[in-house]
Amino acid sequence: MATSASASLSKTIKQQYMELPQGDKVQAMYIWVDGTGEGLRCKTRTLDFEPKSIKGELQSLYAPEIAVQTEPYDPHHCLKKCNSYSPRPLAELPEWNFDGSSTYQAEGSNSDMYLIPAAMFRDPFRKDPNKLVLCEVQKYNRKPAETNLRIKCSKVMEMVADQHPWFGMEQEYTILGTDGHPFGWPSNGFPGPQGPYYCGVGADKAYGRDIVEAHYRACLYAGVNICGTNAEVMPAQWEFQIGLCEGIDMGDHLWVARFILHRVCEDFGVVASFDPKPIPGNWNGAGCHTNFSTKEMREEDGLKAIEDAIEKLGKRHEYHIRAYDPKGGLDNARRLTGRHETSNIHEFSAGVANRGASIRIPRSVGQEKRGYFEDRRPSANCDPYSVTEALIRTCLLNEQGEEPTDY
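About the thresholds
- Residues numbered from 1 in each chain as written.
- Predicted model: local features only at pLDDT ≥ 70, side-chain atom pairs only at ≥ 80, totals over all residues.
- Heavy atoms only, no water.
- Helix = DSSP H or I, 4+ residues; strand = E, 2+ residues; numbered from the N terminus.
- Rg over C-alpha atoms; globule rule 2.2 N^0.38 Å.
- Buried < 20%, exposed > 50% of the residue type's maximum accessible area, 1.4 Å probe, protein only.
- Contact = heavy atoms within 4.5 Å.
- Areas by Shrake-Rupley, 256 points an atom, 1.4 Å probe, with all protein chains shown as cover.
- Lys, Arg positive; Asp, Glu negative; His and termini not counted.
- Charge placed at Lys NZ, Arg CZ, Asp CG, Glu CD.
- 1 Å grid on protein atoms, 1.4 Å probe; cavity = no way out; pocket = protein on both sides within 12 Å on 5 of 7 lines; lining within 4 Å.
- Points joined across faces, edges and corners; volume = space filled by probe spheres on them.
- Expected span 1.5 Å × (residues − 1).
- Arc of directions from axis to C-beta.
- Polar contact = N/O pair within 3.5 Å; in protein donor to acceptor, adjacent residues only side chain to side chain.
- Salt bridge = Lys/Arg side-chain N within 4 Å of Asp/Glu carboxyl O.
- Phe/Tyr/Trp six-rings, centres within 6.5 Å; stacked < 30°, edge-to-face > 60°.
- UniProt positions renumbered as here; feature names shortened; annotations may be inferred.
- Pairing = 2+ DSSP bridges.

1. Some words on the overall build of the protein
Right, on to step 1. Helices and strands together make up the secondary structure of the protein, namely 11 helices and 13 strands.
Right, on to step 2. Relative to the compact-globule value of 22 Å for 407 residues, the protein shows a C-alpha radius of gyration of 23 Å, a close match.
Right, on to step 3. Of all 407 residues assigned to the protein, the portion counted as buried reaches 50%.
Right, on to step 4. Residue pairs at least 24 apart in sequence account for 66% of intrachain contacts in the protein once pairs closer than 6 positions are excluded.
Right, on to step 5. Accessible area for the protein stands at about 19100 Å²; split by element, carbon and sulfur atoms hold 51% of it.
Right, on to step 6. Taking the 46 positively charged and 56 negatively charged side chains of the protein as two groups, their mean positions are separated by 1 Å.

Pasting the structure below:
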């Protein structure tokens, strides 16, 4: 199995520089989803202060008024304003830009794209006071980029805020070498058949636990709402769970957890794959099972609301399949075969404690008559904004048909 050349660089030498004081400056790493709808990009800028929130406001030394910056950050403009002792509108996290022609998001002749800060986390790699900043992407005309699915999701979540939608997403992934070979697998063959690896313990059953532990701790440090992890059915396949998250926070926290995983794997010289079926044949695929509930579902006799939601989902199966992977269902077609703990992509099904169904009602929910349900259809490489938005549109906004309503 091949590892990256970067992994062989001395981390001890690097640490000498990472321990240097940084004065009162702060490094903010801006993160965004690229034009594939799956890949993440990042770049870093220096701030003169530690931001406390995305929408917070900072009062200028010479400005008695406080306002929020609405135009892209221009340091020269800021300098002129300060020198003239005029109020300077200043957001804590300024907008930025990047070359969209190099991220599959724009043509070279008109390539400037805008980064709009949306969520902020502590940086587990550079540590406090440095930040990770998840951003939305806007085109040159200030319209959302095609893969900026956050903006529509946020609007839909605001429409149902009084129903307090809660989500938890179970992110499966596979650790690969840089040559695409699963971590720990024999170079010219396969490991033993599936069976001993799920939640397994021991060097012959758990492949890559150091990466999993590093990712878990990094997420906790960052403030990502990670609630668990476990080894999965296929060797070198793992899962982490994000939640409970309400509304738009679900997508924000899962995307940042994915970014942190990619960075951790980068340090170890391996690759985290979210491919829904990385190894063909008699091996489990990788999904992103999504747990969902509303205030009504969680209250006494909430099972009726759960059953009503499942009935609505059954009438809109094809719409959800298209929303549940970035290729409109083509990726999931390799995974949702009716085998390996999956339902058939062409059929909708639901059942109590049935991991071969589209929708699983946990046995405890069936007994207590309230709680949540699990949608097992989303692929590992799904966009969580698209998945959670689709659930809200169908279950709470009562949309019908194969196309989303434009509000």
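What follows picks up the thread again.
2. What to know about the layout of surface pockets
Right, on to step 1. Quantified by volume, the largest pocket comes out at close to 810 Å³.
Right, on to step 2. Lining the largest pocket are 23 residues, and of these K14, P124, F125, R263 and D267 lie nearest its centre.
Right, on to step 3. Within the residue set of the lining of the largest pocket, elements represented by two or more residues are α1 (11-18), α4 (209-222) and α5 (249-268).
Right, on to step 4. Considering every element that reaches the lining of the largest pocket, the biggest residue donor is α5, with 5 residues.
Right, on to step 5. In this structure, the second largest pocket spans a volume of roughly 660 Å³.
Right, on to step 6. Considering the residues around the second largest pocket, the lining is formed by 25 residues, among which L149, K152, S386, E389 and P404 are closest to the centre.
Right, on to step 7. Elements supplying a minimum of two residues to the lining of the second largest pocket: α3 (150-159), α8 (317-323) and α11 (384-395).

3. So, helix α7 (residues 303-314)
What sets the pattern is the α-helix's 3.6 residues per turn: residues three or four places apart point alike.
Right, on to step 1. Between its first and last C-alpha, α7 extends 16 Å over 12 residues, near the 16 Å set by a 1.5 Å rise per residue.
Right, on to step 2. Taken as a whole, α7 has its buried residues at L303, A305, I306, A309, I310 and L313. The buried residues of α7 occupy one face: seen down the axis, they fall within an arc of 160°.

4. Thoughts on the environment of E170
Right, on to step 1. If you trace the backbone, E170 turns up in strand β6 (residues 166-176).
Right, on to step 2. Put simply, E170 and C227 are 57 residues apart on the chain and 9.8 Å apart in space, counted from C-alpha to C-alpha.
Right, on to step 3. If we ignore the near neighbours within four places in the chain, the residues touching E170 are E239, F240, Q241, G287, C288, H289, N291 and E374.
Right, on to step 4. Polar contacts involving the side chain of E170 include one to the side chain of N291, which spans 2.9 Å.

5. Concerning the pattern of salt bridges
Right, on to step 1. Within this structure, the stated rule accounts for 27 salt bridges.
Right, on to step 2. Of the charged contacts in the structure, one is a salt bridge between E403 and R322, with a shortest N-O distance of 3.7 Å. With E403 in the segment after α11 and R322 in helix α8, the pair connects residues that are 81 residues apart, well separated along the chain.
Right, on to step 3. You can call E403 exposed: its relative accessible area is 56%.
Right, on to step 4. Between E374 and R376 there is a salt bridge, with its nearest N and O atoms 3.1 Å apart. In this pair, the class of E374 matches that of R376, namely buried.
Right, on to step 5. One continuous salt-bridge network, built from bridges that share partners, spans E38, D275, K327, D331 and R334.

6. Here we look at the packing of aromatic side chains
Right, on to step 1. With the rule as written, the count across this model stands at 10 aromatic pairs.
Right, on to step 2. Aromatic side chains F292 and F373 sit 5.7 Å apart centroid to centroid with 80° between the ring planes, which places their arrangement in the edge-to-face category. Here F373 lies in strand β13 (residues 373-375) and F292 lies in strand β10 (residues 288-293), a separation of 81 residues in the sequence.
Right, on to step 3. Among the aromatic residues, those joined into a cluster by ring pairs are F167, F292 and F373.

7. Some points on the UniProt feature "domain: GS catalytic" (unreviewed entry) in the protein
Right, on to step 1. Under the UniProt annotation, "domain: GS catalytic" (unreviewed entry) lies at residues 149-407.
Right, on to step 2. From the first C-alpha to the last, residues 149-407 spans 15 Å; its make-up is 34% helix and 17% strand.

8. Observations concerning the pairing of β6
For a regular strand, side-chain orientation follows a simple rule: the groups alternate between the two sheet faces.
Right, on to step 1. Across the 11 residues that make up β6, a large majority, 10, are buried.
Right, on to step 2. Two elements, β6 and strand β9 (residues 271-273), share 3 bridges in a ladder whose sense is antiparallel. Pairing of L176 across the sheet is with V271, part of β9.

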